[in-house]
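Read off the chains here:
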Amino acid sequence: MVLTNGNEIFNNARKGKYAVGAFNINDLEWTRSILAAAQETQTPILVQTSMGAAKYMGGYELCLHLVQDTIKNMGITVPVVMHLDHGNYEAAKECIEVGYNSVMFDGHDLPFDENLAKTKEIVKLAHAKNISVEAEVGSIGGTEDGIVGLGELADVEEAKTLDATGVDYLAVGIGNIHGVYPSNWKGLSFDRLKELADVISTPLVLHGGSGIPKEQIIKAVSMGISKVNVNTELQLAFAKATRQYIEDKKDLDVDAKGYDPRKLLAPGAKAITDTTIERIKWFGTPSIKA
């Protein structure tokens, strides 16, 4: 299966009142584990790199080739979208040139007029190459690549204006945050989500999907959320499984070569796959065979 842009996938999700998961990759294990979950469930999937993860892995071009070659090596047959997550203006332009199928230009930290102008330019550059574009309105809480958001609610009029640029999906702030949710988190603002969904037909994106209770995820999807981003939850699952392997001292089993990184990382990789499959079920993503 060749990589594809996200337009048809997410438009179908909005119409069908389900969501498609967007899962961040951090290395080869993450890539293989997430793709394995998509193949097992026979569902489309979006894999994405943040600017920081791409730098860690060796750059956008390397990340793209890693995903393309892994799809080929694993015999993946479901649709896969390669996406830039929370890219600034320069990162979005670079990923368009490199050949990502989808990019997010995150200008929420800029004055709105500047966010709007740069979003228009990214849409023009990307659409000329059949590449999808995601924009953001309303700060997403938490920290992403050094950008701190306080979890604002998206302004409905600003959302409508940004949507009019021709973006293919729109990330909205509805009380969601990146990272681990604090104990005093008030939950998603479904009132604001309804206001947004009532006037915007473009697929809406929920960032900070890790840690939101299942029932809130399901309700948000039923109201117009078509793409849900997951990263922290996979990191926590990977760390927990890896810690257990070491606490069980399996890495010290010389006879079984428990120190072999392929064995050391295997429990964490499986935890990523299992968590991804669980989230795909939460989002109601239908099998392409259905």
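Just so we're clear, the structure is a prediction, and the values are computed from it rather than from any experiment.

Criteria and cut-off values
Residues numbered from 1 in each chain as written. Predicted model: local features only at pLDDT ≥ 70, side-chain atom pairs only at ≥ 80, totals over all residues. Heavy atoms only, no water. Pairing = 2+ DSSP bridges. Helix = DSSP H or I, 4+ residues; strand = E, 2+ residues; numbered from the N terminus. Axes fitted to C-alpha atoms, helices over the stretch in contact; angles between N-to-C directions. Contact = heavy atoms within 4.5 Å. Parallel < 35°, antiparallel > 145°, perpendicular 65-115°, else oblique. Left-handed = near helix turned anticlockwise from the far one by under 90°. Nonpolar A, V, L, I, M, F, W, Y, C, P; charged D, E, K, R; others polar. UniProt positions renumbered as here; feature names shortened; annotations may be inferred. Buried < 20%, exposed > 50% of the residue type's maximum accessible area, 1.4 Å probe, protein only. Salt bridge = Lys/Arg side-chain N within 4 Å of Asp/Glu carboxyl O. Phe/Tyr/Trp six-rings, centres within 6.5 Å; stacked < 30°, edge-to-face > 60°. Lys NZ or Arg CZ within 6 Å of the ring centre and 35° of its normal.

Concerning the sheet that holds strand β5 (residues 132–137)
- The eight strands lie next to each other as β1-β2-β3-β4-β5-β8-β9-β10, forming a closed barrel whose pairing is parallel. Neighbour-to-neighbour, the strand axes of this sheet turn through a mean angle of 25°, independent of strand direction.
- Relative to the sheet, helix α4 (residues 60–74) contacts β2 (45–50) and β3 (80–87), its axis offset from that of β3 by approximately 155°.

Re the side chain of D163
- With respect to the helices and strands, D163 occurs in helix α7 (residues 156–163).
- Other than its neighbours up to four places away in sequence, D163 contacts L170, I200 and T202.

What about the environment of A92?
- Looking at the secondary structure, you find A92 in helix α5 (residues 89–98).
- C-alpha separation for the pair A92 and Q244, spaced 152 residues apart in sequence, amounts to 38 Å.
- Dropping the residues within four chain positions of it, A92 is found in contact with L84, V103, M104, F105 and I122.

Examining the packing of helix α2 (residues 28–41) against helix α12 (residues 266–283)
- At a minimum axis separation of 8 Å, α2 and α12 run at an interaxial angle of 40°. Judged on the interaxial angle alone, α12 and α2 are oblique. The two elements α2 and α12 cross, and the hand of that crossing is right-handed. Between α2, through W30, S33, I34, A36, A37, E40 and T41, and α12, the contact on the second element is made entirely by A269, I272, T273, T276, I277 and I280.
- Class assignment of the residues belonging to the contact of α2 with α12 gives a composition of eight nonpolar, four polar and one charged.

Considerations on the UniProt feature "binding site: dihydroxyacetone phosphate" (unreviewed entry) in the chain
- Taken from the UniProt record, the annotation "binding site: dihydroxyacetone phosphate" (unreviewed entry) applies to G179, G208, G209, S210, N229, V230, N231 and T232.
- Within the element layout of this structure, N231 appears in the loop between β10 (225–230) and α10 (232–247).

A few points about the packing of α5 against helix α6 (residues 112–127)
- At a minimum axis separation of 10 Å, α5 and α6 run at an interaxial angle of 5°. As summarised for this structure, α5 and α6 are arranged roughly parallel, according to the angle between their axes. Along the contact surface, α5 presents Y89, A92, K93 and I96, while α6 presents K118, E121, I122, L125 and A126.
- Classifying every residue of the contact of α5 with α6 by side-chain character gives six nonpolar, no polar and three charged.

Focus: the pairing of β10
- Counting buried positions along β10 yields six of six residues, so the element is predominantly enclosed.
- The pairing of strand β9 (residues 204–206) with β10 spans three bridges and is parallel. Residue pairing in the sheet places L206 in a bridge with V228 of β10.

Let's talk about the pattern of salt bridges
- Applying the stated criterion across every chain yields a total of 12 salt bridges.
- Between K118 and E114 there is a salt bridge, with its nearest N and O atoms 3.1 Å apart. On the criterion of helical spacing, the pair formed by K118 and E114 is a turn pair, its members being four residues apart in helix α6.
- For K118, a relative accessible area of 25% translates into the label partly exposed.
- Between E195 and R192 there is a salt bridge, and its shortest N-O distance comes to 3.1 Å. Note that E195 and R192 are positioned in helix α8 (residues 190–199) at a spacing of three residues, about one turn of the helix.
- Looking at E195, the relative accessible area reads 39%, which means it is partly exposed.
- Residues joined by salt bridges that share partners form a network here, namely E233, E278 and R279.

Topic: the packing of aromatic side chains
- By the definition in use, this model includes four aromatic pairs.
- With a centroid separation of 6.2 Å and an interplanar angle of 75°, the aromatic rings of Y89 and F105 are classed as edge-to-face. Of this pair, Y89 sits in helix α5 while F105 sits in strand β4 (residues 102–105), and the two are 16 residues apart along the sequence.
- Note on F105: relative accessible area 2%, which makes it buried.
- The lysine or arginine in question, K118, covers the ring of Y89, its NZ or CZ lying 5.1 Å from the ring centre.
- Over the ring of F190 we find K219, and its NZ or CZ is 4.4 Å from the ring centre.

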